[in-house]
Amino acid sequence: MAANNSGSEPRIPEDVTLEEEAEAEAKGKAPAASSATTTTMNRSGSRPQLDLSGAAIHGTLEDRNPTILLPNQSDDISHLALDIGGSLIKLVYFSRHADQPTEDKRKLSTKRRLEIFTGARRSYPVLGGRLHFVKFETGKLNECLDFISSKQLHRGGVDSPSWRSGAQPDNIVIKATGGGAFKYADLFKERLGVSLEKEDEMDCLVAGANFLLKAIRHEAFTHMDGQKEYVQIDQNDLFPYLLVNVGSGVSIIKVDGHGKFQRVSGTNVGGGTYWGLGRLMTECKSFDELLELSQRGDNSTIDMLVGDIYGGLDYSKIGLSASTIASSFGKTISDNKELSDYRPEDISLSLLRMISYNIGQISYLNALRYGLKRIFFGGFFIRGHAYTMDTISFAVHFWSKGEAKAMFLRHEGFLGALGAFMSYEKHGLDDLSAHHLVERFPMGAPYVGGKIHGPPLGDLNEKISWMEKFVQKGTQITAPVPMGAPATTGMGGFERPTSKGDILRSDASAALNVGVLHLVPSLDVFPLLEDPKTYEPNTIDLDHDEFKYWFTILSDHLPDLVEKAVASEGGTDDAKRRGDAFAHAFSAHLARLTEEPAAYGKFGLANLLELREECLREFQFFDAYVSIKQRENEASLAVLPDLLMELDSMDEEDRLLALIEGVLAANIFDWGSKACVDLYNQGTIIEIYRMSRKKMQRPWRIDDFDTFKSRMLKKDQPYKRALISVDNAGADVVLGMLPLAREFLRRGVEVVLVANSLPALNDITANELPEIVAEAAKHCGILRKAAEAGGLIVDAMAGIQGDTKDEPASVPLMVVENGCGSPCIDFRQVSSELAAAAKDADLLILEGMGRSLHTNLNARFKCDALKLAMVKNQRLAEKLFNGNIYDCICKFEPVS
């Protein structure tokens, strides 16, 4: 981006790395954003035409790159939509990364063999990227316009071709809904040079709600007595339902299907009523401030309660407790007081309860009228505010006698904006399902009370620009981590930039409840799940005690992880600063989850571990253990030939047992386990491996080896294709999993090695695995021929050791990525490569604590499954098996 010549500080766009910022500061110009923002702009009133020539499908999830590259696309494909209401403006925009992955020979060969042509599933491409959610007060419309202008969202983003070229496109049209789309159309034209294409408000509300309930797994939840519980919605049983949108007023809509709905009722008493009366009766300057006041209020000083009428007693005959409100603001009739004599906090709470109870009652009466049991509440009145949701839920529960449920949506305020976004043609979002959308949370260092917690992050007033932050150089940055006053609960979780002169900053009071939605259209449901609807990856739920334990474990591991991450980047001052920022950010997220475990949706240990890896990547640490993995791979490959010779000298029964023992013994090498890290001080990798082998005495904690052996030795070719999910680099994959894979190849079974798409601790990745296989193949003809057949070794290798003349024609050995960047795996979201490979598979092997203990221990599949792991955590061993650390499992589950 060109330097700002006006003499003012240059703007910093989103996703700017510290390196770019420091370099730009040295050169006196603003850095370019690291990700391109692209979305659909309509030129001259017509839809943009997509040039599909040369389109290439990309399966990798590295850096969350686009899944489809359009090399000949000249137009800016961009999506931006607005919902301009009477009180608030809601903005949804889509961004995607600019850098494009390349297809290596291994991936192309694998795709040809597995017949992966995902482009055939639809006639137009779906761009991978992110959906962002932002809100502004309508009274501060200029801030919204400044935001759009600064990011150049109306021109495709700061990295779009039109922005880089300096071209000024004519007749840009963006989608908008709400009354403001009409009222402020001229202002948008004057300030931004864009035309607003108006979309029907009710159409957008329903389309947005249907999209969220279909595509976001933990979108809907109930909220009673302060307890949030997520509700899994069956897409086949979604309709009909009642949608209550509480904005300035209230619209009540009966939804019968996609595009099938009718507005059946409504009320003019809604969020605008609360905000309007609140402004008149208090000195609050914002809606959020008014809500915060209610947190500290006592409505009994203003409302007339049943107990006030009955001398403190309940009216039990008709089910009214003494604390039930008999008349909102009823006490003020008899009090000889002026408005100034009442606390603003009490006024705010009384208003909130009055309006919320009425909305809940009117909604239930309409549900009763149409025989509906499910009522979804949305709209910015709710804001994730616990008391508001409790009040509405109580009203629905009370009047329905517990038969109807009030449910809420995590993206509650963005239904209309999402619906307007959906109205763009051929963006493909209507085809997406829950496995295509992954919610991520922006990472940042906690900013509390005017300072960044922890040591300073650098000199010269250097700041970090986060994923969803909009700042100018030198301004204070508030992290998207909820660190507000203890009395303040969830306030909606969306940034609300407010102006202060020419500076835009983020609202420090806005807690993070909703993350950025990452669109990954190359993810699929694993086709071999026995029942995807009932599948739950997490073995253990994170209740309060369990989370407290893992909070301690992860916190204790954090200094070592930061040290490894900084070392992986050369130990530079920049890396140290980013390492500190990562530690502060991750610690803040842990603190938030400790306070409110359901803050980020339904959370299990797998999600917690993934949050850590995602946080590392946000701070540009893409492989913290890269040097350790390389060192351990080399050491293990050096002794592999001797191990293979030893195995070949055994008969098949002893060899099979030795192979399983070898997998379990090698699984001890896990840098995510403190107990195992401590072992590294007791000898070399090979010495530790041999020591571990000696301890692999049966019976194991779960020991189904004999059943597995019977199946394996039953016939010459026991299976057609085995999917083998690998875990750690070094001895784990080289001395454990490769010899096991070799045994299947020897028996004529196709083998697909499944590895992470992105690094996580010392786990091996799909990009690293082919090189290891190639090195191992130099000493083994079986591996060499299979790797050549599977495209892992494209050219004939020289210097091969071993005689292969008596070996049968080889079946292929392939490598696919799993779509994950975590030590665990959620089979509801796997790569298209893995889904295609599963088509002909009749055996699945899951290895490692993360993939077969923390997750998937109880998962059932449509094929035989073998789960192998060493338990490297004492608490987990006790909780799962009443066992001990270093216990092992060999769990074989033949398909019934």
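Residues numbered from 1 in each chain as written. Predicted model: local features only at pLDDT ≥ 70, side-chain atom pairs only at ≥ 80, totals over all residues. Heavy atoms only, no water.

If you look the protein up in an unreviewed UniProt entry, it shows as Pantothenate kinase 2 from Triticum aestivum. The UniProt entry for the protein carries this comment under Pathway (unreviewed entry): "Cofactor biosynthesis; coenzyme A biosynthesis; CoA from (R)-pantothenate: step 1/5." (UniProt positions renumbered as here; feature names shortened; annotations may be inferred.)

J.: Help me get a handle on the environment of Ala599, residues and values and all.
T.: Residue placement: Ala599 occurs in the loop between helix 15 (573-595) and helix 16 (605-618). Taking the C-alpha atoms as reference, Ala599 lies 10.0 Å from Arg410; in sequence the two are 189 residues apart. (Helix = DSSP H or I, 4+ residues; strand = E, 2+ residues; numbered from the N terminus.)

J.: Before we move on, could you go through the pairing of strand 34 (residues 888-893) and cite the residues and values that matter?
T.: The buried fraction of strand 34 amounts to six of the six residues, a majority that puts the element mostly inside the structure. Residues Cys888, Cys890 and Phe892 line one face of strand 34 and the alternating positions Ile889, Lys891 and Glu893 line the opposite face, and both faces are buried. Judged from the two bridges that link them, strand 27 (residues 702-703) and strand 34 form a sheet pairing that is parallel. In the strand pairing of strand 34, Ile702 is matched with Ile889. (Buried < 20%, exposed > 50% of the residue type's maximum accessible area, 1.4 Å probe, protein only. Pairing = 2+ DSSP bridges.)

J.: Please set out the packing of helix 18 (residues 652-666) against helix 21 (residues 705-712) residue by residue, giving values where relevant.
T.: As a packed pair, helix 18 and helix 21 sit with axes 11 Å apart at the nearest point and diverge in direction by 130°. If you check the angle between helix 18 and helix 21, you find them oblique. As helix 18 runs across helix 21, the sense of the crossing is right-handed. Along the contact surface, helix 18 presents Glu653, Leu656, Leu657 and Ile660, while helix 21 presents Phe705, Phe708, Lys709 and Met712. Tallied by class, the residues present in the contact of helix 18 with helix 21 amount to six nonpolar, no polar and two charged. (Axes fitted to C-alpha atoms, helices over the stretch in contact; angles between N-to-C directions. Parallel < 35°, antiparallel > 145°, perpendicular 65-115°, else oblique. Left-handed = near helix turned anticlockwise from the far one by under 90°. Contact = heavy atoms within 4.5 Å. Nonpolar A, V, L, I, M, F, W, Y, C, P; charged D, E, K, R; others polar.)

J.: How would you sum up the sheet that holds strand 29 (residues 750-755)? Please name residues and give values.
T.: Two orientations exist for strands paired in a sheet by backbone hydrogen bonds: parallel and antiparallel. Spatial strand order, 27-34-33-32-28-29-30: seven strands in an open sheet with mixed pairing. The sheet is open, and its two borders are formed by strand 27 and strand 30 (813-817), each paired with just one other strand. Bridge analysis of strand 29 against strand 30 gives five bridges, and the strand direction is parallel. By the bridge assignment, Val754 is partnered in strand 30 with Val816. Taken strand by strand, helix 21 contacts strand 27, strand 33 (864-870) and strand 34, and its axis lies near 45° from that of strand 34.

J.: Describe unusual backbone geometry, and please don't skip the residues or the numbers.
T.: In this model, Phe239 is joined to Pro240 through a cis peptide bond whose omega is -10°. Assignment of secondary structure puts Pro240 in the loop between strand 11 (227-230) and strand 12 (241-246). Pro699 follows Arg698 through a cis peptide bond whose omega is 0°. Within the secondary structure, Pro699 sits in the loop between helix 20 (685-694) and strand 27. Although it is not a glycine, Asp225 sits at a positive phi angle of roughly 50°. In this fold, Asp225 is placed in the loop between strand 10 (220-224) and strand 11. Asp225 sits in the exposed class, given a relative accessible area of 68%.

J.: Requested: an account of the packing of aromatic side chains, with residues and values cited.
T.: Taken as a whole, this structure holds 23 aromatic pairs when the rule is applied. Among the aromatic residues, those joined into a cluster by ring pairs are Phe221, Tyr230, Phe377 and Phe408. The aromatic ring of Trp700 is capped on one face by Arg698, whose charged end is 5.6 Å from the ring centroid. One residue, Arg711, lies across the ring of Tyr719, its end atom 4.2 Å from the ring centre. (Phe/Tyr/Trp six-rings, centres within 6.5 Å; stacked < 30°, edge-to-face > 60°. Lys NZ or Arg CZ within 6 Å of the ring centre and 35° of its normal.)

J.: With reference to specific residues and values, describe helix 3 (residues 141-151).
T.: Buried residues dominate helix 3, accounting for eight of its 11 residues. Turning to helix 3, its buried residues are Leu141, Glu143, Cys144, Leu145, Phe147, Ile148, Ser150 and Lys151. Phi for Gln152, located one or two positions after helix 3, is positive at around 55°.

J.: I'd like a rundown of a nonpolar patch on the surface, residues and numbers included.
T.: Taken together, the side chains of Ile309, Tyr310 and Leu313 present a nonpolar region at the surface, about 310 Å² in accessible area. Relative to the assigned elements, Leu313 resides in the loop between helix 10 (306-309) and strand 16 (325-327). Accessibility expressed as a relative area gives 55% for Leu313, which makes it exposed. (Patch = residues over 30% accessible without salt bridge, like charges linked within 9 Å, V, L, I, M, F, W, Y side chains within 5 Å. Areas by Shrake-Rupley, 256 points an atom, 1.4 Å probe, with all protein chains shown as cover. Salt bridge = Lys/Arg side-chain N within 4 Å of Asp/Glu carboxyl O.)

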